[in-house]
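# Close look at the chain arrangement
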Amino acid sequence: MSGMSKNAKINTLLLLLVAALAVLPVALGMGDHKEEPFAGADAQAETAITELKPDYEPWFSPLYEPPSGEIESALFALQAALGAGVLAYYFGVRKGRRQGAAAAAAPAPAAAPEA
């Protein structure tokens, strides 16, 4: 890592940290005692509410209920990917505009005199 720039070192460190956060809970068996070890917070909240107040009626119901947890996870991942794509496009356009403005503001190179 000695030949890498400071930003490349930081990015590599962040990437390793994210990978560790994703892999460690599974590797350490942190959800082994649960029926659905890595269910979302919504499902956990629903379980807690029904335990505390069994006659609770939700104010509204979801517009679409996926047939399985796998499909629900896939739709969530698709939503996250689309959001990341929109953000990447936005930042790419901003950077392109900045570079274009900088190029337009730079003095044009002097044309070589024709003989």
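Below, the structure is looked at part by part. (Residues numbered from 1 in each chain as written. Predicted model: local features only at pLDDT ≥ 70, side-chain atom pairs only at ≥ 80, totals over all residues. Heavy atoms only, no water.)

This next bit is on the overall build of the protein chain. For the protein chain, the count of helices and strands is three helices and zero strands. Along the protein chain, helices (α) and strands (β) appear in the sequence α-α-α when read from the amino end. Burial analysis of the protein chain (115 residues in total) assigns 2% to the buried set. Within the structure as shown, the protein chain displays about 10700 Å² of accessible surface, and the carbon and sulfur contribution to it stands at 66%. (Helix = DSSP H or I, 4+ residues; strand = E, 2+ residues; numbered from the N terminus. Buried < 20%, exposed > 50% of the residue type's maximum accessible area, 1.4 Å probe, protein only. Areas by Shrake-Rupley, 256 points an atom, 1.4 Å probe, with all protein chains shown as cover.)

Here helix 1 (residues 6-27) contains 22 residues, and its C-alpha end-to-end distance of 31 Å stays within 8% of the 32 Å for a straight helix at 1.5 Å per residue. Taking burial as the measure, the 22 residues of helix 1 include zero buried ones, a minor fraction of the element. Downstream of helix 1 by a residue or two, glycine 29 has a phi angle that is positive, lying close to 65 degrees. (Expected span 1.5 Å × (residues − 1).)

With that out of the way, let us pick up a negative patch on the surface. Taken together, the side chains of Asp42, Glu46, Glu65 and Glu72 present a region of like negative charge at the surface. Relative to the helices and strands, glutamate 46 resides in helix 2 (residues 41-52). We classify glutamate 46 as exposed; its relative accessible area is 55%. (Patch = residues over 30% accessible without salt bridge, like charges linked within 9 Å, V, L, I, M, F, W, Y side chains within 5 Å. Salt bridge = Lys/Arg side-chain N within 4 Å of Asp/Glu carboxyl O. Lys, Arg positive; Asp, Glu negative; His and termini not counted. Charge placed at Lys NZ, Arg CZ, Asp CG, Glu CD.)

A few words now on the packing of aromatic side chains. This model, assessed by the stated rule, comprises one aromatic pair. Ring geometry for tyrosine 90 against phenylalanine 91: centres 5.2 Å apart, planes inclined by 70 degrees, an arrangement best described as edge-to-face. When its relative accessible area of 43% is taken as the criterion, tyrosine 90 is described as partly exposed. Take phenylalanine 91: its relative accessible area is 47%, and that puts it in the partly exposed class. (Phe/Tyr/Trp six-rings, centres within 6.5 Å; stacked < 30°, edge-to-face > 60°.)

Taken together, Leu63, Tyr64, Ile71, Leu75, Leu78 and Leu82 make up a surface patch of nonpolar side chains, about 690 Å² in accessible area. Among the secondary structure elements, leucine 82 is positioned in helix 3 (residues 69-105). Judged by its relative accessible area of 55%, leucine 82 falls in the exposed class.

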